[in-house]
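# An overview of the molecular structure
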Protein chains: 2
Amino acid sequence: MSEQLLSSRNLAFELYEVLDAEALTQRPRFAEHSRETFDAALTTARTIAEKYFAPHNRKGDENEPRYVDGSAELIPEVKPAVDAFLEAGFLNANRDFEVGGMQLPSLVSQACFAHFQAANAGTTAYPFLTMGAANLIESFASVEQQRLFLQPMIEGRYFGTMALTEPHAGSSLADIRTRAEPASDGTYRLKGNKIFISGGDHELSENIVHMVLAKLPDAPPGVKGISLFIVPKYLVNADGSLGPRNDVLLAGLFHKMGWRGTTSTALNFGDNGQCVGYLVGQPHQGLACMFQMMNEARIGVGMGAVMLGYAGYLYSLDYARQRPQGRLPDNKDPHSPAVPIIEHSDVKRMLLAQKAYVEGAFDLGLYAARLFDDTHTVADAEARRQALELLDLLTPIVKSWPSAFCLKANELAIQILGGHGYTREYPVEQYYRDNRLNPIHEGTEGIQSLDLLGRKLAQNNGAGLKQLIRLIAGTCERASHHPNLDPLRQPLEHLVNRLQSVTLTLLGDLAAGKVAGALANSALYLKVFGHCVIGWRWLEQAIHAEVGLLKGSDRDFYLGKLQAARYFLTWEVPGCHNDLALLEARDDTCLAMQEGWF
Amino acid sequence: MSEQLLSSRNLAFELYEVLDAEALTQRPRFAEHSRETFDAALTTARTIAEKYFAPHNRKGDENEPRYVDGSAELIPEVKPAVDAFLEAGFLNANRDFEVGGMQLPSLVSQACFAHFQAANAGTTAYPFLTMGAANLIESFASVEQQRLFLQPMIEGRYFGTMALTEPHAGSSLADIRTRAEPASDGTYRLKGNKIFISGGDHELSENIVHMVLAKLPDAPPGVKGISLFIVPKYLVNADGSLGPRNDVLLAGLFHKMGWRGTTSTALNFGDNGQCVGYLVGQPHQGLACMFQMMNEARIGVGMGAVMLGYAGYLYSLDYARQRPQGRLPDNKDPHSPAVPIIEHSDVKRMLLAQKAYVEGAFDLGLYAARLFDDTHTVADAEARRQALELLDLLTPIVKSWPSAFCLKANELAIQILGGHGYTREYPVEQYYRDNRLNPIHEGTEGIQSLDLLGRKLAQNNGAGLKQLIRLIAGTCERASHHPNLDPLRQPLEHLVNRLQSVTLTLLGDLAAGKVAGALANSALYLKVFGHCVIGWRWLEQAIHAEVGLLKGSDRDFYLGKLQAARYFLTWEVPGCHNDLALLEARDDTCLAMQEGWF
């Protein structure tokens with residue numbers, strides 16, 4: 001049977017050839033692990049994803065959560081799937097052995113998670129949101145808060161959400177209006193409305209722990225006045241038993257184009273003035289807490305986009321191999337049999353583009369996960385700092401690039417299936433609808449572009465960028481020892497040189513206070529920067545493919561890698577030069593457009 | 001109230017400034033028309049589209065046709081809408097006055113139809129399919145067939161379909177297996193299965209006339225052995241009364257991602273050996289008949305893609321004007337009020353791109369409709385022939401370019417609305433789902449690219465291409481009298497020169513029998529050719545905007561046109577040069593990819 005979720009050969013290539021996962025077992029934290037334990041975890045993930053998650057992916061789409069008597073009702077298949085995930089320990093994949101965790105590197109846990117993301121984005125979101133909320137509590141909450149809320153989350157009894165967005169403010173968190181008034185007992189009373197809260201209600205767990213952003217009465221204006229609160233659906237008594245229902249009301253459900261298995265809710269906090277919340281960390285530091293967790297969350301979203309692209313790629317590849325239709329253009333004999341459509345050059349193009357997008361982004365996502373491991377498990381403190389610097393810089397790309405280009409991959413998968421691809425009798429249209437969420441949530445493309453150009457690049461005097469450029473130069477240097485990689489290396493070198501110069505120009509403008517002009521075309525910058533990063537990752541993959549070819553086995557696999565690298569570096573990378581020209585010219589076509597002219 | 005379907009100011013610009021619709025009234029066929037009669041028809045179309053079509057667009061999506069007792073059951077709102085369309089005479093918009101038609105130019109009727117396409121793609125398909133089938137019968141069927149089938153179609157009593165696609169063959173019509181055996185009475189007995197037949201069953205009309213492609217027993221193999229048949233759902237007696245049900249079975253319905261209001265059916269012809277069909281035209285000439293009607297059908301599909309893009313553009317524009325969120329990047333005062341998001345440069349970019357795509361493609365669609373008028377109403381026979389030559393060449397672009405780029409426009413409309421855009425509480429996600437069909441049906445993008453590069457370009461020694469290049473040169477010459485159009489004109493000239501040379505190279509390869517290599521990257525060629533054509537149309541619009549500006553009124557409208565032209569010609573057109581470089585180099589990245597390497 002062909003693989004449906006991801007290619008295990010490609011995963012092994014990433015883990016053991018490109019990213020050297022085995023080297024991680026040299027670090028004290030991962031010393032009890034080995035390639036065998038990594039592979040065992042991956043096999044378990046694949047098995048559970050195939051057995052419990054994939055089979056109800058379509059059913060979850062067709063039967064989105066319903067609002068029944070103030071609660072959200074899910075299809076019955078979700079709970080056994082989530083339970084299997086919990087029982088296998090994946091919720092605590094990265095936690096210490098001593099608290100019952102698997103103590104896996106992020107590189108390996110992300111690879112495990114990828115199977116669930118490919119199998120069923122909707123169901124996967126519930127445990128994923130819980131992991132995010134649990135990590136927040138673990139990092140910033142008091143010992144008592146951890147006892148009451150984190151421990152049952154680790155045990156899989158409580159689930160979690162992130163409650164940030166408000167109806168009037170959208171991405172502009174500075175403008176949230178949810179208020180938290182201190183009560184005499186040291187807790188707070190929250191009042192406000194949140195929307196688009198994924199997993200905001202369900203019956204999968206005993207309790208739901210909402211991580212809510214709100215403002216204290218003495219809050220300074222803007223983003224510096226946001227605090228973080230734990231707001232449970234049910235209050236929790238001091239002995240850990242459940243108390244009464246908190247004043248959190250499910251005001252309604254949103255009905256989405258895709259990703260329908262995950263309920264998206266409107267929540268009202270404190271309609272009756274009785275919504276109890278617990279301040280996490282220091283007052284007014286809520287956004288800082290959120291930001292510290294953002295790298296991980298955004299790797300997760302990026303990988304989710306990759307995996308929807310990956311599932312679509314594999315499905316359309318299999319279809320193209322099975323489906324006979326038409327003849328090659330130089331064959332005019334109508335008596336000759338039809339060929340499998342994979343033989344048509346334009347179908348090859350659509351498959352090759354998908355391969356380039358999803359395997360390029362898959363590599364980047366895992367590379368970022370490995371960087372995340374480095375931020376806390378490399379022995380040398382300076383190396384940890386550098387890893388964090390680079391990860392900070394890359395995060396907008398890790399999140400946004402797959403959201404844009406693996407969605408494009410899904411569009412191509414539909415096209416390969418033709419009319420069939422447009423029907424709900426085949427899975428690719430759902431991948432496309434599901435994936436359309438990724439450029440929106442967890443920071444839109446616009447937000448990511450401003451984060452990159454307006455903030456990340458200049459941090460610490462551009463040290464992250466300098467590090468990235470050194471790494472790319474190193475890859476190019478190693479590639480130069482393989483003469484047949486010259487046509488792949490040169491477009492990347494050309495791009496990175498020009499991008500570097502454009503970057504200095506824009507950072508100069510920003511430093512000189514020309515903010516509006518410098519940020520006006522941030523979307524172009526994000527795209528070019530992303531292509532540069534993915535181009536670099538493809539050149540890395542190509543070097544490892546060259547190495548693999550010398551070993552003599554798996555020749556087809558490595559030749560495919562080289563061809564996809566060639567596609568990306570010669571078809572896609574040079575296409576960025578007009579974007580660079582516009583950036584160089586400080587083009588003001590968009591900025592100068594007036595509202596009245598539309 | 002803001003306009004929802006299309007901008008009437010832009011429509012007037014197209015009809016009366018760019019395309020000079022009034023000049024058509026000089027032609028004998030349209031002599032009784034005037035700007036007033038044109039505008040009256042347009043107002044009627046808009047009124048009916050707003051009153052009967054738009055209100056149930058979402059309902060049709062949420063309640064797709066159901067299979068009930070062997071029939072397709074539609075929501076009740078469809079019939080009154082279609083009836084209003086029929087009663088207003090739009091089904092016969094182009095037919096002679098003497099048969100009850102409106103005798104409108106296609107330029108004006110397409111502009112009328114555009115309102116329905118923007119309001120409700122699903123419901124609009126039923127009368128549109130009927131028009132297509134009626135035109136086929138009118139052009140190729142016998143007098144008796146016209147009496148029995150065309151006349152009730154003109155009266156709106158019978159509807160029509162096009163039944164081409166078969167399960168195993170898809171786009172490869174050469175391989176259809178439906179057979180037509182001659183019966184002793186001069187009729188035929190058909191046997192075969194068709195899929196994706198839009199409007200293949202419903203209760204909107206007394207009868208449904210299927211135009212079916214099938215093969216006679218003595219058919220030569222391939223596309224030269226295809227014949228065209230009338231196969232009615234109910235047999236028709238000689239006096240025009242309905243006879244018994246024909247042996248056409250509704251085998252099932254397809255469930256699509258979008259465009260759900262139009263039922264997509266699987267039809268079985270002749271399961272009981274009793275399916276009566278009537279040969280239309282000469283044996284084995286069916287595909288030729290279809291091809292002669294294809295220009296019109298493909299203009300219709302292209303315009304449908306445009307109008308979904310247009311509706312999404314207008315909705316997101318209105319939203320961006322109303323929605324306050326965030327502050328401009330050079331404003332750091334959190335006390336200042338939020339600005340409407342249309343003031344953010346990246347939102348302007350997404351609106352400007354939409355405007356460039358939809359208004360560029362709208363212009364091209366109407367230009368093609370005017371060319372279609374020229375093919376049969378210009379006095380000079382040579383001019384008629386030339387108009388057909390150009391229209392033949394442009395048809396793949398008219399169909400495919402809006403299908404690709406107005407879908408992209410819909411993607412941007414969702415992004416502007418953010419999380420809201422992703423919900424079914426707002427209309428833009430439906431436009432996106434509906435529009436995703438357009439790159440697939442009526443010839444996929446791949447089919448269009450082969451039609452353009454492998455067939456249309458070389459026709460009549462490249463005369464169509466030469467004509468197009470002369471027209472573009474003429475536009476550039478006129479543009480050169482407006483110095484501030486220089487930055488818009490130059491990228492187009494650069495593109496068209498290089499495209500011309502690439503075309504000669506590829507045609508040379510084709511002539512030399514290097515077919516596989518020449519056609520390998522036809523998708524790139526289609527995109528670049530399309531950008532060249534749309535760039536030309538934007539330069540035309542820019543010239544008319546310059547002229548308009550001199551008149552002094554409507555300044556904002558014309559400045560918006562110039563800015564959109566600038567966007568397309570400086571942001572999008574120069575982006576084609578890497579595609580051209582790949583075509584010039586006869587790049588074989590895709591062609592050389594092997595199935596085993598994936």
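Bear in mind that the values here come from a model prediction, so they are computed numbers and not experimental data.

A count of helices and strands for chain A gives 19 helices and 12 strands. When the backbone C-alpha atoms are referred to their principal axes, chain A occupies close to 80 × 60 × 60 Å. Expressed as a percentage of the 598 residues in chain A, the buried residues total 65%. Put simply, of all contacts in chain A between residues at least 6 apart along the chain, 75% involve residues at least 24 apart.

In this complex, chain B contributes 92 residues to the contact, which on the side of chain A involves 92 residues. Summed over both partners, the interface of chain B with chain A comes to about 8200 Å²; 58% of that surface belongs to carbon and sulfur atoms. By the criterion of area lost to chain A, the three top residues of chain B are Tyr422, Trp571 and Phe598 of chain B, representing 12% of everything that side buries. Put simply, chain B and chain A have 8 salt bridges between them.

Residue and element names in this part refer to chain A. Applying the stated criterion across every chain yields a total of 84 salt bridges over all chains. As a salt-bridge pair, Asp83 and Lys79 come within 3.4 Å of each other at their nearest N and O atoms. In this pair, Asp83 and Lys79 both sit in helix H4 (residues 78-87), 4 residues apart, roughly one turn of the helix. Residue classification places Lys79 among the partly exposed residues on the basis of a relative accessible area of 34%. For Arg370, the salt bridge identified is with Asp374, shortest N-O distance 3.6 Å. Taken as a pair, Arg370 and Asp374 lie in helix H9 (residues 345-377) at a separation of 4 residues, close to a single helical turn. Judged by relative accessible area, Arg370 falls into the buried class, the value being 14%. Each of Arg58, Asp61, Glu429 and Arg433 takes part in a single network of salt bridges with overlapping partners.

Both copies of the chain are tied together by a single rotation about an axis and a shift running along it. For these two chains of identical sequence, chain B goes onto chain A by a turn of 180 degrees and a shift of 0.0 Å along the axis, with RMSD 0.0 Å. The two molecules are tied by a two-fold rotation axis, judged by turn and shift. The position closest to the rotation axis in chain B is occupied by the C-alpha of Gly575 of chain B, lying 3.2 Å away. Same-surface contact between copies: 100% of interface residues of chain B are shared with the interface of chain A.

Attention shifts here to the packing of helix H10 (residues 381-417) of chain A against helix H12 (residues 445-456) of chain A. Residue and element names in this part refer to chain A. It is the contact of H10 with H12, at a shortest axis distance of 9 Å, that shows an interaxial angle of 155 degrees. Between H10 and H12, the crossing angle belongs to the class labelled roughly antiparallel. With respect to the hand of their crossing, H10 and H12 are arranged in left-handed fashion. Of the residues in H12, those touching H10 at Asp392, Leu393, Thr395, Pro396, Ile397, Lys399, Ser400, Ser403 and Ala404 are Glu445, Gln448, Asp451, Leu452 and Lys456. Residue classes in the contact of H10 with H12 are distributed as 5 nonpolar, 4 polar and 5 charged.

Using the residue numbers shown here, the UniProt feature "domain: Acyl-CoA dehydrogenase/oxidase N-terminal" (unreviewed entry) corresponds to residues 40-156 of chain A. Along residues 40-156 of chain A, the helical share is 65% and the strand share 5%, with 22 Å between the first and last C-alpha atoms.

Bringing the UniProt feature "domain: Acyl-CoA oxidase/dehydrogenase middle" (unreviewed entry) in chain A into the picture now. The UniProt record marks residues 162-269 of chain A with the feature "domain: Acyl-CoA oxidase/dehydrogenase middle" (unreviewed entry), using the residue numbering of this structure. In residues 162-269 of chain A, helix accounts for 0% and strand for 47%; the two terminal C-alpha atoms are 14 Å from one another.

With that settled, consider the environment of Pro337 of chain B. Residue and element names in this part refer to chain B. Along the chain, Pro337 turns up in the loop between helix H8 (286-322) and helix H9 (345-377). For Pro337, a relative accessible area of 64% puts it in the exposed group. For the pair Pro337 and Pro324, spaced 13 residues apart in the sequence, the C-alpha separation amounts to 8.5 Å.

This brings us to the packing of H12 of chain A against helix H16 (residues 522-551) of chain A. Residue and element names in this part refer to chain A. In contact at an axis separation of 8 Å, H12 and H16 are set at 80 degrees when each is read in the N-to-C sense. Our classification of the angle between H12 and H16 gives roughly perpendicular. Contact residues: Glu445, Gln448, Ser449, Leu450, Leu452 and Leu453 in H12; Ser522, Ala523, Tyr525, Leu526 and Phe529 in H16. Partitioning the contact of H12 with H16 into residue classes produces 7 nonpolar, 3 polar and 1 charged.

Turning our eyes to something else, we now look at the side chain of Asn246 of chain A. All names here are of chain A. Topologically, Asn246 is positioned in the loop between strand E9 (242-245) and strand E10 (248-254). Among the residues examined, Asn246 registers a relative accessible area of 4% and is labelled buried. Here the side chain of Asn246 touches Pro232 through a polar contact of 3.0 Å, landing on its backbone oxygen. A distance of 2.9 Å separates the side chain of Asn246 from the backbone oxygen of Val276, its partner in a polar contact. Setting aside its immediate chain neighbours within four residues, Asn246 contacts Val231, Pro232, Lys233, Tyr234, Leu235, Gln274, Cys275 and Val276.

It is worth spelling out the packing of aromatic side chains at this point. If you walk through the whole model with that rule in mind, you get 51 aromatic pairs over all chains. Aromatic rings pair up to connect Phe53, Phe85, Phe90, Phe113, Phe116 and Phe128 of chain A into one cluster. Above the ring of Tyr234 of chain A, the side-chain terminus of Arg245 of chain A is found at 5.7 Å from the ring centroid. Over the aromatic face of Trp536 of chain B sits the side chain of Arg537 of chain B, whose NZ or CZ is 4.8 Å from the ring centroid.

Let's shift gears to H9 of chain B. Taking 1.5 Å per residue as the helical rise, H9 of chain B with its 33 residues ought to reach 48 Å, and the 47 Å between its terminal C-alpha atoms agrees with that figure. Extensive coverage of H9 of chain B is indicated by the burial of 32 of its 33 residues.

It is worth spelling out the side chain of Thr262 of chain B at this point. All names here are of chain B. Structurally, Thr262 can be placed in the loop between strand E10 (248-254) and strand E11 (264-269). Overall, the relative accessible area of 3% leaves Thr262 in the buried class. If sequence neighbours within four positions are ignored, Thr262 has contacts with Pro65, Ala121, Gly122, Ala125, Tyr126, Ser198, Gly199 and Lys256.

Glancing now at the nonpolar core. Counting residues in each nonpolar core, the largest one holds 316 residues, and the members touching the most others are Phe362, Tyr525 and Phe529 of chain A together with Phe362, Tyr525 and Phe529 of chain B. Filtering out sequence-adjacent residues up to four positions away, Tyr525 of chain B remains in contact with Leu452, Leu453, Leu457, Leu499, Val502, Thr503, Leu506 and Leu583 of chain B.

The subject of this paragraph is the pairing of strand E7 (residues 227-232) of chain A. Residue and element names in this part refer to chain A. Most of E7 sits out of view: 6 of its 6 residues are buried. Side chains Ser227, Phe229 and Val231 project from E7 onto one buried face, and the interleaved Leu228, Ile230 and Pro232 project onto a second face that is buried too. Strand direction decides the pairing type here: strand E6 (residues 207-214) and E7, joined by 6 bridges, are antiparallel. Looking at E7, one finds that Met211 is bridged to Ile230. Two strands pair when backbone bridges link them, and E7 and strand E12 (residues 276-280) are joined in this way by 3 bridges, in the antiparallel orientation. Counted as the bridge partner of Phe229 is Leu279 from E12.

Glancing now at helix H10 (residues 381-417) of chain B. All names here are of chain B. For H10, built from 37 residues, the straight-helix expectation of 54 Å at 1.5 Å per residue is met to within 8% by its first-to-last C-alpha distance of 51 Å. At Leu394, H10 shows its largest bend, some 45 degrees, and a proline, Pro396, comes one to four positions later. In terms of residue burial, H10 counts as a mostly covered element, since 27 of its 37 residues are buried. Trailing H10 by a residue or two, Gly418 shows a phi angle of about 60 degrees, which is positive.

Further remarks concern the pairing of strand E4 (residues 179-182) of chain A. In regular strands, side chains alternate between the two faces of the sheet. All names here are of chain A. Across 4 bridges, the pairing between E4 and strand E5 (residues 188-198) is antiparallel. Residue pairing across strands places Arg179 opposite Lys191, the latter belonging to E5. A loop of 5 residues connects E4 with E5, the two strands running antiparallel in sequence, and Gly186 in this loop sits at a positive phi of about 90 degrees.

A few words on the environment of Gln103 of chain A. All names here are of chain A. Turning to its location among the elements, Gln103 is positioned in the loop between H4 and helix H5 (106-119). Every residue in contact with Gln103, bar those within four places of it in the chain, is listed here: Arg29, Phe30, His33, Asn92, Ala93, Asn94, Arg95, Asp96 and Phe97. A distance of 2.7 Å separates a polar atom in the side chain of Gln103 from the backbone nitrogen of Phe97.

Conventions we followed
Residues numbered from 1 in each chain as written. Chains lettered and ligands numbered in written order. Predicted model: local features only at pLDDT ≥ 70, side-chain atom pairs only at ≥ 80, totals over all residues. Heavy atoms only, no water. Helix = DSSP H or I, 4+ residues; strand = E, 2+ residues; numbered from the N terminus. Buried < 20%, exposed > 50% of the residue type's maximum accessible area, 1.4 Å probe, protein only. Contact = heavy atoms within 4.5 Å. Buried area = accessible area lost by both parts, 1.4 Å probe. Salt bridge = Lys/Arg side-chain N within 4 Å of Asp/Glu carboxyl O. Least-squares fit on C-alpha atoms with pLDDT ≥ 70 in both. Axes fitted to C-alpha atoms, helices over the stretch in contact; angles between N-to-C directions. Parallel < 35°, antiparallel > 145°, perpendicular 65-115°, else oblique. Left-handed = near helix turned anticlockwise from the far one by under 90°. Nonpolar A, V, L, I, M, F, W, Y, C, P; charged D, E, K, R; others polar. UniProt positions renumbered as here; feature names shortened; annotations may be inferred. Polar contact = N/O pair within 3.5 Å; in protein donor to acceptor, adjacent residues only side chain to side chain. Phe/Tyr/Trp six-rings, centres within 6.5 Å; stacked < 30°, edge-to-face > 60°. Lys NZ or Arg CZ within 6 Å of the ring centre and 35° of its normal. Expected span 1.5 Å × (residues − 1). Core = buried A, V, L, I, M, F, W, Y, C linked by side-chain atoms within 4.5 Å. Pairing = 2+ DSSP bridges. Bend = angle between axes of the 7 residues up to and from the residue.

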